[in-house]
Structures are given as C-alpha cells and as structure tokens.
Amino acid sequence: MIKLIHNANIVLEDMILENGHLIIEGDTIKKVSNDKIDYAFDFNEIDEIIDAKNLYVIPGIIDIHSDAIEKEIEPRPSTLLPFNMAFYELDKKLPANGITTVYHSISLGDGVGVRSIDNSLKMIKNIDSYKNIDSKSINHKVHLRYEVLYYEGLEKVLELLDENKIDYLSIMDHSPGQGQYTNPTFYKEYATKVWGVTENYVDTWLDDLVNLHDNLDWNKIANIIGIAKTKNINVASHDDDTLEKMDFIKNIGIYVSEFPITLEVAKHSKKLGVLTCLGAPNIVRGKSHNNNLKAMDAILEDCCDIVCSDYLPSAMIKSMCIVAERINNLNKAVSLFTSNPAKAVGIYDERGSIKENKKADLVLVDIDSEYPKVVNTIVNGKTVYKREV
C-alpha cells in the first residue's frame, strides 16, 4: 500500500517544509520532500493520494497521561459501563483529536469505583490484551500510576512488570498536606464530588494516608524504579512540590515530573535534567483546577517539556495552537505534544517526528480556521479518521 500526501505544510522538528509531500509505504514514511514529484520515477503505482490543500501535517500526538478511559467506564459516580464499549468509544474519539498513541493512566491505589483495585487491574489487563487487535484505530499503552501509600500494591506492580503489561510507570503520593493537596480541603471536595463518597469516609481515609506516609519505605519504591528501568520503562513522579523532593526523586531514577506544583519546582526540574509534563486543560483554561502552577507560565519560562491531555483529550489540538501563538513557534509547540513525549516514554526511534523510516503516524490539521480541527489522522500508515475540509 503506497500513499501520497501532497500540497502540505509539513511540520518537522526544526522547520516547516512548505508545499511538501510525503510518501508512505505500508506503515512507514519512505520520503519527505518538497522537490517536484516525479510520479513515474518515485514509484510505479499510488494506491491513495491525499491533497492536503496547504494544511499542516504534524506527527501524531503522543499522549502519555490520559485518564479518559475512566470517564468512559464511569461517566457518573457508581455507574460503570462495560470495558469493551468504553475502549472502542474512546478509540473512536482520540484520532479525531489528533492522538495516535495514548498511554492510559490507570491508578493503582486504595480507590473506589472505577479506581478500585479490582477494576484497575481489570483495565490494565484488558488494555494489554487489546494492544494488538486489528480493529483498534490507534496505539494503546498502559501507564501505571502507582500510589506509594498502597503498600500491598508493591507486589502487584512487580507482577505486572514481570508480565510486561506496563509501558510507563509513575509514582504518586496523595497524602494530605503536600503535593497537589497541600490544602486537604481540596482533596475532600474532589473525592466527594467525583467519587460520590461521604465526607466522613474521606476524613477517615485522609487520617489513614497520613499514618501510611509517615511509615513509607522509599527503598522499596527505589527498587521498583530500578526494575522498571531494566525493562526500558521510564518512570515519572507526580505533583512534586519542593526543591528537596525534586533532588530526591532525581536521585532514585525519576525521568519525568508530572504536574509540578510551582514554577520554582518546574525550573529546578529543568535544571536537574528531569522532563516536566503539564496538562492541556490547564493551558486552555489559563489556570490549574486547584490553583497550582499555570502551564503557560512554565512554557513561557521554557520549563515545560511535555503537554498531556490529563483528563480531556479534546483540549490537545486547541492547547497546541494556543502555545504556538503565544511563543510564536509552531515547531516548538508541536514538539511538546509529539517528539518530547516520545522521548519521555522511549519510543522516539519509531514515533514522534516526521522522518523517513519512522512509523507513519500523521495528522492533517487546519489551524487557520476559526477553530482548529483535525482533518485526517493516519496511524501506522492507515487512515483512521477523516473529515471534509
């Protein structure tokens, strides 16, 4: 199967190739050029021709932190839908938002509803089993978010690593008084609203978390990180709130800091060589949902490396355009959603940029209209989403 995309503005890592064309053979990019096309010389037969009509072609978006599957399964508290329905419905939505590789962020902690232990383990195993099915549209991966205060979970993490069911790992500490919930009131409000539990339940839970935090054995966490690295799985931290914590997590092998709480911490992360990841909804809204770091502040200070969807895939293309306009650099804006996350999770050799011999994960996007929209999404050389220009 040979596919040609022509009349395109191709967003490369260091430049925009105007009036360019791409030749895709099977699942691979074979040629990227703006030379005059010699159809007879380049190949004998074209199976599909896509006229980009001067739209931009960007690499497929790589979303390394997405909770969206949870909302597909549990759209309302205590209302759980079948996994296969949730998976396929989300699989249809993601390419419409330019996402070609998603790391489903599955929480492993003492949660409720969709985040209960049983449900989390079921989601991980189901996603793993769906990775190679032909009927899926995009690339699906597992991002295990391990709550370090869930001591019993250590053995489960080891088991999942041993079974090769994890593609990316992050560690979280949601005990009150630090991290995202410096003010415990925010946690209580979030839990009662989103999970439908009572305030008394949350109060007891928070007291338990404080006790667990005081007795946490970080040597065991460091051991998990070491095992993950032997399997070429990068590890992230979550809600880093002090410079001392950043120094500590760097020393135990953390590669990415997700959602640093302050600009000072994000800057320190950059200084240490730890990548930082912030959320697209934060960019679109212009603020954090609980008054932490504004993502745009970090971007303007050059201490944000990656943008993820967090909980809202539809924010990705819009936030990319907002960033491009603010920094006046489309290439750099696109890299926050493509090449940088690919490097963070170790798949840059195959995906994340438009280069010959890389996988053909591509998005045609109209960013000059009233509202940016995806026109065509190609994953592994196959068109999985298309709309009229």
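Residues numbered from 1 in each chain as written. Predicted model: local features only at pLDDT ≥ 70, side-chain atom pairs only at ≥ 80, totals over all residues. Heavy atoms only, no water.

Trainee: Can you walk me through the pairing of strand β8 (residues 139–147) in this structure?
Mentor: Successive side chains on a regular strand alternate, one facing one side of the sheet and the next facing the other. β8 sits mainly inside the fold: eight of its nine residues count as buried. Of the pairings in the sheet, the one linking strand β7 (residues 99–108) to β8 comprises eight bridges and is parallel in character. Within the sheet, the bridge partner assigned to S107 lies in β8 and is R145. Assessed by its sense of winding, the connection that carries the chain from β7 through helix α4 (residues 117–130) to β8 is right-handed. Sheet topology note: the β8/strand β9 (residues 168–172) ladder contains five bridges and is parallel. Within β9, the position partnered with Y146 by the bridge is I171. Read from β8 through helix α5 (residues 153–162) to β9, the crossover connection turns out right-handed. (Buried < 20%, exposed > 50% of the residue type's maximum accessible area, 1.4 Å probe, protein only. Helix = DSSP H or I, 4+ residues; strand = E, 2+ residues; numbered from the N terminus. Pairing = 2+ DSSP bridges. Right-handed = clockwise from strand over helix to strand, strands pointing away.)

Trainee: What should I look at first to understand the environment of Y130 in this one?
Mentor: Relative to the helices and strands, Y130 resides in helix α4. Its relative accessible area of 16% is what places Y130 among the buried residues. When the C-alpha atoms of Y130 and E199 are compared, they prove to be 38 Å apart, with 69 residues separating the residues in sequence.

Trainee: I'm lost on the packing of aromatic side chains in this one. Help?
Mentor: Each aromatic ring pair is specified by the distance between its two centres and by the angle formed by the two planes. Within the structure shown, the criterion is met by seven aromatic pairs. Three or more aromatic residues joined by ring pairs make a cluster, and in this case those are F83, F87, Y88 and Y130. One Lys or Arg, K343, reaches over the ring of Y348 and ends 4.9 Å from the middle of that ring. Across from the ring centre of Y348, 3.5 Å away, lies the NZ or CZ of K358, which sits over that ring. (Phe/Tyr/Trp six-rings, centres within 6.5 Å; stacked < 30°, edge-to-face > 60°. Lys NZ or Arg CZ within 6 Å of the ring centre and 35° of its normal.)

Trainee: Can you walk me through the sheet that holds β7 in this structure?
Mentor: The strands making up a sheet associate through backbone hydrogen bonding, with each pair oriented either parallel or antiparallel. Read across the open sheet, the eight strands follow the order β6-β7-β8-β9-β10-β11-β12-β13; overall the sheet is parallel. Edge positions in the sheet fall to β6 (61–66) and β13 (306–308), since each has one partner strand and no second. This sheet shows a mean twist of 25 degrees between the axes of neighbouring strands, independent of strand direction. Most of the contacts of α4 go to β7, to which it runs at about 150 degrees, and overall it touches β7 and β8. (Axes fitted to C-alpha atoms, helices over the stretch in contact; angles between N-to-C directions. Contact = heavy atoms within 4.5 Å.)

Trainee: Before we go on, may I ask you to explain the pattern of salt bridges in this structure?
Mentor: Opposite charge on two side chains permits them to pair, given that their charged atoms come into close proximity. By the definition in use, this model includes 18 salt bridges. E48 serves as the salt-bridge partner of K3, at 3.3 Å between the closest nitrogen and oxygen. Within this pair, whereas K3 is found in strand β1 (residues 2–11), its partner E48 is found in strand β4 (residues 48–51), the two being separated by 45 residues in sequence. Given the relative accessible area of 2%, K3 is considered buried. For E70, the salt bridge identified is with R115, shortest N-O distance 3.0 Å. One end of the pair, E70, is in helix α2 (residues 68–73); the other, R115, is in the loop between β7 and α4, with 45 residues separating them in the sequence. (Salt bridge = Lys/Arg side-chain N within 4 Å of Asp/Glu carboxyl O.)

Everything listed is a geometric property; what it means functionally is a separate question.
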